Every structure is written in C-alpha cells, then in structure tokens.
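Results of the structural survey
Single-letter residue listing:
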Amino acid sequence: MSTRPIRIGMTLGGRSSTFVLGPLAGLELGAFVPHPPPVVILDQAVASGHAPWLEQIHQSCGHPSPRTLILSGGEGCKTLAKLEEVYGWLAECGLRRDGVIVGIGGGAVLDLAGMAAATWCRGVGFVSVPTTLLAMVDASIGGKTAVNAAGLKNPVGCFHPASGILADPGFLSSLPRGAWRDGLAELIKTAAIGDPELFREMHEARPRLFTLFAGPDADRPVPGVLGSLDWTSWIGRAASVKARIVTRDFQEGGLRRSLNLGHTLGHALEAISHRNGPPLSHGQAVAIGMAVVFRVAAQRGDCPLPAAVQMVELLEACGLPVSHPAPDPAELERMLQGDKKQTSRQGLNWVLPRGLGQMNIFGQVRTEEILRWLD
Ligand SMILES: NC(=O)c1ccc[n+]([C@@H]2O[C@H](COP(=O)([O-])OP(=O)(O)OC[C@H]3O[C@@H](n4cnc5c(N)ncnc54)[C@H](O)[C@@H]3O)[C@@H](O)[C@H]2O)c1
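Thoughts on the site of the ligand
Taken together, 28 residues are adjacent to the ligand, and A45, G73, G106, G107 and T132 come closest. Elements supplying a minimum of two residues to the shell around the ligand: α2 (44–47), α5 (107–119), α6 (133–139) and α7 (177–194). Within the shell around the ligand, the residues separate by chemical class into 11 nonpolar, 10 polar and seven charged.

Comments concerning the sheet that holds strand β2 (residues 15–21)
The strand order across the open sheet formed by seven strands is β1-β2-β9-β6-β5-β3-β4, and the pairing between neighbours is mixed. What marks the edges here is a single partner per strand, and that holds for β1 (6–12) and β4 (67–71). Sheet twist, expressed as the average angle between the axes of neighbouring strands with direction ignored, equals 15°. Of the strand pairs in this sheet, strand β6 (residues 125–130) and strand β9 (residues 164–167) are connected by two bridges, and their pairing is parallel. Bridge pairing links V127 to G164 in β9. Contacts from α5 reach β3 (39–43), β4, β5 (100–105) and β6 within the one sheet, and its direction differs from that of β5 by about 170°. Strand contacts of helix α11 (residues 231–248): β1, β2 and β9, with the helix running at about 15° to β1, the strand carrying the most contacts.

Looking at helix α8 (residues 196–204)
Restricting attention to buried positions, one finds in α8 the residues L198, F199 and M202. Projected down its long axis, α8 carries its buried residues within an arc of 100°, all on one side. Turned more than 90 degrees away from the buried face of α8 sit E197 and E204, all of them exposed. Buried-residue contacts for α8 involve α7, α11 and α14 (305–317).

Thoughts on unusual backbone geometry
Backbone geometry follows two general trends: most residues other than glycine have a negative phi, and most peptide bonds adopt the trans configuration. For the peptide bond that leads from G277 to P278, omega is -10°, which places it in the cis range. Within the fold, P278 resides in the loop between α12 (263–276) and α13 (282–300). Phi at C121 is positive, roughly 50°, even though this residue is not glycine. For C121, the position within the fold is in the loop between α5 and β6. A positive phi is found at E252, a non-glycine position, where the angle reads about 60°. You can see E252 is positioned in the loop between α11 and α12.

Regarding helix α4 (residues 80–93)
Relative to the 20 Å expected for 14 residues at 1.5 Å per residue, α4 spans 20 Å between its end C-alpha atoms, a close match to the ideal helical length. Packing partners of the buried residues in α4 comprise β3, β4, α5 and β7 (144–149). Following α4 by one or two positions, G94 has its phi on the positive side, about 70°.

Conventions and cut-offs
- Residues numbered from 1 in each chain as written.
- Predicted model: local features only at pLDDT ≥ 70, side-chain atom pairs only at ≥ 80, totals over all residues.
- Near = placed C-beta within 6 Å.
- Helix = DSSP H or I, 4+ residues; strand = E, 2+ residues; numbered from the N terminus.
- Nonpolar A, V, L, I, M, F, W, Y, C, P; charged D, E, K, R; others polar.
- Pairing = 2+ DSSP bridges.
- Axes fitted to C-alpha atoms, helices over the stretch in contact; angles between N-to-C directions.
- Contact = placed C-beta atoms within 7 Å.
- Buried ≥ 20, exposed ≤ 12 C-beta atoms within 10 Å, placed from the backbone.
- Arc of directions from axis to C-beta.
- Expected span 1.5 Å × (residues − 1).

What follows is the structure, given as structure tokens:
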C-alpha cells in the first residue's frame, strides 16, 4: 500500500491548483488558507461520522472552530435557492474579497461551494476536501463549478479552480456501496482514457471488486473496503490523468472533451430514466454509455474487440450495468440533441474509443446504432 502523500501540481487559467492525496492530506489545509480564518461548507454525511478528524484538519490551519455551514449533500443541494442561502450566510460571516471558502464533501457540495467561491465578491479563495470517490478522481479537479437550473443539470456555472485539493481516502470508509459504484464508473472511464496500465490492473482485480461492490445494500458502507485494494494508488493515477488533461485544455476547447466518454448517451439515459423510472444513478448511466460506445467502436472495427470485452467485464465486476432497455427512439434522439456539450457550430460529437488510452473526440454515431447495442 502507498503511504507517501502524492502531489500533483496544475496551472489552470493562470492559477495554481495543487492536488494532495494521502491519509494526512487534510493537515495541509493551513498552507492554502492565509489569514483571515476560512469559512467551511460541509456535507452533512461527513459532519458527524468524521468529526474528530475534521477538528484536526481545522486545527492544522490555526482555526479550530471556523464558521461552518452544514448542508445535506447530494444533487438536491445544487440549486439557485441553496446558493442564495449560502450567500446570505457568507454575508453574515462577513467574508471579504481576501477570504477563503473550504468545501468539504461529495461532488454536489463541492460544486455548490465552488460556485459560491467563484461569485462571492467576484471571486474569493477556494479549497476543496473531496469525501467521495467520484469527487476525489473527478469533481474536485479541473475548476468546474455549477448548479442546476431551469430543469437542466449544471447549466449555470463557471471555472474557478481550488488552490488546494486535499484528498484523504480515509473519508471513504463511510461511503455507501452505491456511491462507490458511481465513483468506480468515473475511475474506470479515466483509466480507459489515459492510463491503460491502471485499467489492466483494475481488470485483473475483478474478483476482489466483485466481492466488494456487486452485492446488494447500495445504501450501506462496504465492510473492509479500504484495506482491500490500493485505493491511494488508483485514485492518484486517475487524478494524474485528469490533471494532465485539464492542464492542457482548461476550458474544454478540445482534449478535455475526452472526459465525456460514455456521458453523451449516459446523460440522455439518466434524464429519461428520471422521467419514466426506475431512475439510473449518474455512474450507472455512464457505465451503460461506455459499454455501448465500446461495442459500437469494436463492431465498426475502430477499436480492438478485447478492449470492448474488458470494458464490459470490468464494469460488471463493479456491479455496474452494461445494458438497458431501449427507450423510445424519438425521446432518445431529443435528449441526445439537447446535450449541453454540443456546440452550435460543431453539432453533437461522441467520444469513441480507438482502444484503451486512445479516444476520438469527434465521433459520429447514429441513434439506430445506439439502439442496436443498448440491450
Ligand atoms: N465539477 C466537476 O468537474 C464535476 C465532475 C463530475 C461530477 N460533478 C458533480 O458531482 C456530483 C456528484 O458527486 P458525488 O458522486 O460525490 O455525489 P454527491 O455529492 O451527490 O454525494 C453522494 C452522497 O454521498 C454523501 N457523502 C459524501 N461524502 C460521504 C462520505 N465520506 N461517506 C458517506 N457519505 C458521503 C453525500 O452527502 C450524498 O448524500 C454531481 O452533482 C455532478 O454534477 C462535478
């Protein structure tokens, strides 16, 4: 098991952003929080279960009891109404232009806290402490912040990188199995895009992954999960891939779009399932999306068949779905055309694998091909 902290430095839009990963990462908070004391926006799910550790983290920056706003985590907190509530609280705290907001929680709380930091006083400092797997490998890295509005996911947001991202895998001890699976979908995606060796390692670990994650009890923590696999190494390597991509293409002009692997179909299926039920989680929808684009690319002869087979095997080992009943073609087409990632100039582009570690970000796929490979 890795014990040394892993550090990844990025420069995003001219600002420095440092990812620190390891069991003591939180204790580096002081390095990112100059005077005056920070204010903390905290995910309720970690407020009680990890209280002593949070106290030590706060102590490390010389402010043992910072002003703290505790919010219910999850998608429900990413609203304009909640953002307004946060602004009211920041005003009460008297946070000025030289202040710092520390966000501690899953991707939803971090998106909200980041959005507040990006806009309060036209931008205050932001430090992020991700507490879910998905937030550690994805949401906390790259400076995107957003809230949901107008019935859409993430249409209101801006780029505002955290100066420090302090990832301690210890927080994951309380993470429910379902949230682990959602994070694994993004971890597998990132490995497939930029670290084939990590992908192979995960593929070899399928028996262990299956034992841990394929079972029921999606709402309960996974016993013994932290000691079972070298999470620090896996998270660090996925974070390196994402950091490399966002450093080269901060504002998603090209390369960063490769991170949408599985997301074009995934977003459409997620939205349809939330209307017609049963609802798919984001990770489940992305898993189906990845399985389908690998099948499409392999069938066309654009991607080696073994890569597609391995993708499906790995997703299944993690308890993630790889197929789905085909939705109404017209509804699917409508949802795909509404994908916010398409630009008016370029139309809808799909991320299609050419193999592990090689993505075509300008792929074209017909809806009939999707329907054929969906179930
Ligand atoms: N900004 C970005 O670049 C980016 C990238 C990917 C995803 N996202 C966003 O991230 C969000 C999803 O993030 P997520 O998967 O972390 O889910 P989440 O933030 O919705 O958290 C899932 C649940 O886990 C709880 N939780 C958090 N930490 C926990 C812990 N250590 N133990 C137990 N429970 C814990 C939360 O309270 C919540 O109920 C979405 O809103 C998505 O849009 C943002």
